[in-house]
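Notes for the structure review
The primary structure of each chain is shown beneath.
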Amino acid sequence: MLLFLKDVGIEDNQLGAFLTKNHAIFSEDLENLKIRVAYLHSKNFSKADVAQMVRKAPFLLNFSVERLDNRLGFFQKELELSVKKTRDLVVRLPRLLTGSLEPVKENMKVFNTRLFKIKERHLFLTYLGRAQYDPAKPNYISLDKLVSIPDEIFCEEIAKASVQDFDKFLKTL
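Residues numbered from 1 in each chain as written. Predicted model: local features only at pLDDT ≥ 70, side-chain atom pairs only at ≥ 80, totals over all residues. Heavy atoms only, no water.

1. Description of the side chain of asparagine 62
Put simply, the rule is: Secondary structure counts use DSSP, requiring at least four H or I residues in a row for a helix and at least two E residues in a row for a strand, with both numbered from the N terminus. Partly exposed describes any residue whose relative accessible area lies between the buried limit of under 20% and the exposed limit of over 50%, with all areas from a 1.4 Å probe on protein chains only and scaled to the type maximum.
Following the sequence through the fold, asparagine 62 ends up in the loop between α4 (47-56) and α5 (65-78). Looking at asparagine 62, the relative accessible area reads 19%, which means it is buried.

What follows is the structure in structure tokens.
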């Protein structure tokens, strides 16, 4: 097992820290571990990439090929990334593959909700003829204000309309 870990790219001086974090690796079948590394290579992760990922996320090799494939697919699909960008992401942040997906899903829900809110507000401002985002011109609206303020203040101060008007407009979308 130690020779396998060294072959994967864990240096002699890193073995202790790795095994302290993931002593469960000894309960894994060596052939399964080799299959998992081969799977990562088949997805065009270089030997250096795999070594870096295993060092940063010691439990990575404890995940089955199916689970790794599902995780990679999740990030590629949900974040709408290319294969290369997905690979780059998990090389930099391999704990995304081994950690819980719930915080990621929650963040995506918040990013998507915020994007949806920006779109609604922008369309309302466009409808009113007030969508002006050039700081050099009068009636400039900063992105920060467009996103961060409550609907009541957005309507009164930015759109110069009532919340009821905004709500009626949203029903037309």
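2. Considering α4
Our working definition: The directions from the helix axis to the C-beta atoms form the arc being described. The contact criterion used throughout is that any non-hydrogen atoms of two residues lie within 4.5 Å.
What α4 keeps buried is the set Val50, Ala51, Met53 and Val54. Mapping the buried residues of α4 onto a view down its axis gives an arc of 165°, with all of them on the same face. Those residues of α4 that are buried are in contact with α1 (2-8), α2 (12-21), α3 (30-42), α6 (83-92) and α7 (95-98).

3. Remarks on the nonpolar core
Condition: Nonpolar cores were defined as sets of buried Ala, Val, Leu, Ile, Met, Phe, Trp, Tyr and Cys residues, with membership established by side-chain atoms within 4.5 Å.
Within the largest apolar cluster, 31 residues are counted, with the highest numbers of intra-cluster contacts made by Phe45, Met53, Val54 and Leu60. Secondary structure elements with two or more residues in this core: α1, α2, α3, α4, α5, α6 and α8 (102-128). Among all residues touching phenylalanine 45, those that are not within four sequence positions of it are Leu40, Val50, Met53, Leu72, Arg87, Val90 and Val91. If you look at the next biggest cluster of nonpolar residues, it comprises twelve residues, including Phe154, Ile158, Ala159 and Phe166.

4. Describing the environment of asparagine 139
Topologically, asparagine 139 is positioned in the loop between α8 and α9 (143-148). Counting along the chain gives 27 residues from asparagine 139 to asparagine 112, while the straight-line C-alpha distance between them is 27 Å.

5. What to know about unusual backbone geometry
A positive phi angle is found at glutamate 80, which is not glycine, with a value near 55°. Mapped onto the elements of the fold, glutamate 80 is located in the loop between α5 and α6. With a phi angle near 55°, lysine 160 is a residue other than glycine that sits in the positive phi range. Here lysine 160 is to be found in the loop between α10 (151-159) and α11 (163-171). Relative accessible area serves as the criterion here: at 54%, lysine 160 is assigned to the exposed category.

6. Overview of the packing of α3 against α4
Quick note on the threshold: Every axis in this analysis is a line fitted to C-alpha atoms, fitted for helices over the stretch in contact. Angles between the N-to-C directions lie between 0 and 180 degrees. Throughout, the term roughly parallel applies to angles under 35 degrees, roughly antiparallel to angles over 145, roughly perpendicular to angles from 65 to 115, and oblique to all others. Left-handed is the label given to a crossing in which the near helix is rotated counterclockwise from the far helix by less than a right angle, and right-handed is the label when the rotation is clockwise. Polar here means any residue other than Ala, Val, Leu, Ile, Met, Phe, Trp, Tyr, Cys and Pro, which are nonpolar, and Asp, Glu, Lys and Arg, which are charged; Gly is therefore polar.
It is at 10 Å that the axes of α3 and α4 come closest, and there the two elements cross at 125°. Here α3 lies oblique to α4, going by the angle between them. As for the relative orientation of α3 and α4, their crossing is right-handed in sense. Contact residues: Val37, Leu40 and His41 in α3; Lys47, Val50 and Met53 in α4. Its residues assigned to classes, the contact of α3 with α4 comprises four nonpolar, one polar and one charged.

7. Quick look at the domain arrangement of the chain
Interfaces are frequently sized by the accessible area removed from exposure as the parts join. Inclusion rule: Each domain span listed reflects an automatic or database assignment of domains.
When the domains of the chain are assigned, the result is domain 1 (1-99) and domain 2 (102-171). A C-alpha centroid distance of 42 Å is found between domain 1 and domain 2.

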